[in-house]
Structures are given as C-alpha cells and as structure tokens.
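An overview of the molecular structure
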Amino acid sequence: MDKIKSLTGMLDLYDDGDKTNLAAKLFYLEKKIRDIFLGYKLNEIRTPILEDTNLFIRSVGGASDIVNKEIYSFNDRNDKGIALRPEGTASVIRAIIEKKLDQTNHKLWYMGPMWRYERPQKGRYRQFNQAGVEILGIPEGMPEFEMISIVCSIISEFKLQNCTIKINHLGTQKNKESFCNALVKFLEPFKESLDEKDLQRLKKNPLRVLDTKNNETQNILREAPSIKEFIDSSAINLLNSIQNNFSDICNIEIDYSLVRGLDYYSGFVFEAVSSELGAQDSFLGGGRYDQLCVKLGGKDLPSIGMAIGLERFAELIELKDNLVKLVSFLSVTGNLEPKAYKIAHQLRSLNEDIILDVHLSDSSLKAKLRKANKNNADYAIIIGDEELKNNTAVIKPLKNELEEQLTVSIDDLYSFFKSI
Ligand code: HAM
C-alpha cells in the first residue's frame, strides 16, 4: 500500500532521531524564553490556531505576501472562510477586543505554531513556531525600550554572536504615506528595469520594494528618497536614544531601509538578523502598530510587539551538556519487578533536579548499560534479584572514572540521590 507522507514544509521532530536535534532545542528554547518573559511580568495569552480569514485580511493586509499567497484558508462546513493563523498579533488584538479589554494596558506573551504557504528552504517552513510579545495600550516611548530590552536579554541569555538588531522608524501613518508616494514617483521611470516581483510590490505595497533581493533594483534604490527625510526629529531622537542606551549590551544598527512584511506597522520597527543564518537571516521582528485595534473594530489602543522565529533561533544555539544530572535506573529482575519500580518512584520525589530514566524493557544489563552510556547518563542505579533480596542497590558512576561503584542500602541510596 502507498505510504502517506508529511506535507511539504512541515517537519516531524523527534528528540532522539532527528539529526539537527531540533525538538530538543525547541524545548530548551521555549523553556528559557518563557522564563525571560515571566521575568518581565508578561502574562500569557493563548488564542485558537484557526481564525476567521477576514481577521488577517484586515490586519496583516490584503496586499501583503502573507494574505496574498501564503495564507492557508478553507471554507468550513458552514461555508465560512477559516484560516490557519500566519502570525499571532491579529489574534491577540481580536481576543482583547472581544473580551472588552481594549481600554487598558496589557503586557502579553504567547508561543505556538503558525502557518504560511511559502516556498520551503533552509530556515523557511510552512509550519513554524513563534514566541511573541505584545505590549498594548501605551504610546511610543517606554514600550520601545522594554521591547529592545527583552530582545537584548534573549540575545544575551543565549550568548548569540554575530547578530545585529536593526531599528527604523516609519513615522506616522501620514509620514508613511508621503514616503510611499515619493518612492512610487522615484521608481516610476525605472519600471522597465524592475522584475515581475518588484513591479507587483510597487503596484500593491511600494514600501516592500525596499526589501528586494534583486541587485539591479538595489542599485536603483541607492538614489531613492529615504524615510529619514519624512519622519519627525522626535522619531530620529528615539532611534538614537535606543541605540545609545543599548549598544553596550547588543549590536544595534539604525537602518532607514528596514521595512516589515506586514501592513499594520507604523512608527518604530525592528528586526534581529544573524550572519550565521544564510538567506533567511531574520530570526525575530516586530514594531509598533497603533492603528490595528481600531481597524479591527476596537478602541484606540497604541501597541507594539515582536515575534521570534523559534526554528531559526534554534539554528543559532548549541545544546549544552545536561545541566541537570541524568540517572539511569536499571532493574534486572525479570521485567521490572514492581518493588524495584516503587524505589524508582520514591527517588523521583527526593530530587526534582534529576532526570531519572527508568529502562522499562526486559533487555540484559549489558544492553541497558550501553543505552545509559549512549544517553550520556551520569549514574546508573542497578537493582537485580540479589539487591532486592538484601534491600540494597548498586550505584555505578558512568562519567567520573575516579568515583567507585558502590553497593548501598536503599536508605543510603535515597540519601545519595538527595545529595547529587
Ligand atoms: P514576522 O516578521 O512575519 O512578524 O515573523 C517573525 C519571525 O517569524 C521572523 O523573523 C522569522 O524568524 C519567523 N518566520 C516567519 N516566517 C517563517 C517561516 N515561513 N518559517 C520559519 N520562520 C518564519 C510577525 O509575525 C509579527 N506578528 C511580529 C509582531 C508581533 N509584530 C508585532 N507584534
């Protein structure tokens, strides 16, 4: 019979078998990033992965690549347009409006899978995970600092090298529009030289031309007007102030050509890029989106946010050796004598920092020890018929050659377990 395969761009991750170790890295990242978020007193928000398709048309934008060609959408049994979320911000604002919480401030975080029908390549998938932060209800100023502080904390926590936080300011909605018009006027005479993709961008979403990968367009753009000429001095001051205040912690660069792929941004925007990532070098991005809440039918709620692409971030980190100790529990008394299992159960409650791997199969001691070594265990605890009879256990150090193997009473085993 034909085998059914996974869908293009959607990964199966398995901690033990996947060579990139992506499942283990994602787990580690999610845990650490969650702790950082909690350290900023952010509150978790979980929204459904399915939404009304119109939510994304109205927020991310009908002209954006995401809505235009990347959205996973279908009609449900009631003929209602449903979309798998391509990002988290729109859902967060929808939820806040629905709960009538759009008149107060919020500091929120979320994590979870997103879907975009993109051409898969290294660092670009059709299902990927984001960890996001949204600070709602506070106008430009301190939230920008908090956002960059969170980004710097994450970069520092994982000791990332070779990365830069690029920042820019798109001005007010009006500044953005004036700049857009100037850019269109500038590019008009060069239309013949633009490729199909850039021509489409010029027609539908001119700012995105600044994101072009085409060398010829990049050359043309060297002479193009810059957003710097259209924004107020307060915007430029904010960029300088952020750069001055954080440049001793992270590498921050003002990049007046930085634009974002989603329509809802105005004001401060940013992206973190790493030279270690190849073509998809942006592992995190965000910015201010003060008009989004009103656009979705809510109150005026000035807001800023960002999301980290966890798969891309995972490529930048090395998993350290187990920080916690791993102990393999090897019972060789037939198929795991219940009395031996009970000892393992008691051990777990004595030291939460230890991972206790009970080998459940009926294999030989030799095979179990081989597996314990392969798993990089620190100790093996061995209980066979003899030990069960005498109420003892064997503690076998697997990493430290200077430590001796010991036979101890079960009480001493408990004390040992507490002490490691
Ligand atoms: P975004 O720039 O579209 O922003 O996505 C954020 C991050 O998600 C990117 O920097 C990238 O690391 C990752 N990412 C995006 N697409 C893919 C893909 N196909 N495969 C793997 N990783 C991907 C947003 O989504 C905004 N909602 C961020 C935000 C929150 N702005 C304000 N609040």
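Residues numbered from 1 in each chain as written. Predicted model: local features only at pLDDT ≥ 70, side-chain atom pairs only at ≥ 80, totals over all residues.

A short note on the sheet that holds strand E7 (residues 163–169)
Spatial ordering of the open sheet is given by E1-E5-E6-E11-E10-E9-E7-E8, a layout of eight strands whose pairing is mixed. The two strands at the open ends of the sheet, each matched to only one other strand, are strand E1 (43–44) and strand E8 (252–254). Here three bridges tie E7 to E8, and the two strands are oriented parallel to one another. The residue of E8 that forms the bridge with Lys166 is Glu253. (Pairing = 2+ DSSP bridges. Helix = DSSP H or I, 4+ residues; strand = E, 2+ residues; numbered from the N terminus.)

Focus on the domain arrangement of the protein chain
If you check the domain split of the protein chain, you get domain 1 (22–171 + 231–314) and domain 2 (326–419). Computed from C-alpha coordinates alone, the two centres of domain 1 and domain 2 are separated by 46 Å. (Domains from an automatic or database assignment.)

Description of the site of the ligand
Lining the immediate environment of the ligand, one finds 26 residues, of which Glu87, Phe128, Gly285, Gly305 and Gly309 sit closest. Secondary-structure elements contributing two or more residues to the shell around the ligand are strand E6 (127–136), strand E10 (282–288), strand E11 (303–309) and helix H11 (310–314). Of the residues that constitute the shell around the ligand, the class distribution is eight nonpolar, eleven polar and seven charged. (Near = placed C-beta within 6 Å. Nonpolar A, V, L, I, M, F, W, Y, C, P; charged D, E, K, R; others polar.)

A word on the pairing of strand E5 (residues 106–115)
Two strands pair when backbone bridges link them, and E1 and E5 are joined in this way by two bridges, in the parallel orientation. Note on E5: the bridge partner recorded for Asn43 is Leu108. Pairing between E5 and E6: ten bridges, direction antiparallel. Bridge pairing in E6 links Tyr110 to Gly132.

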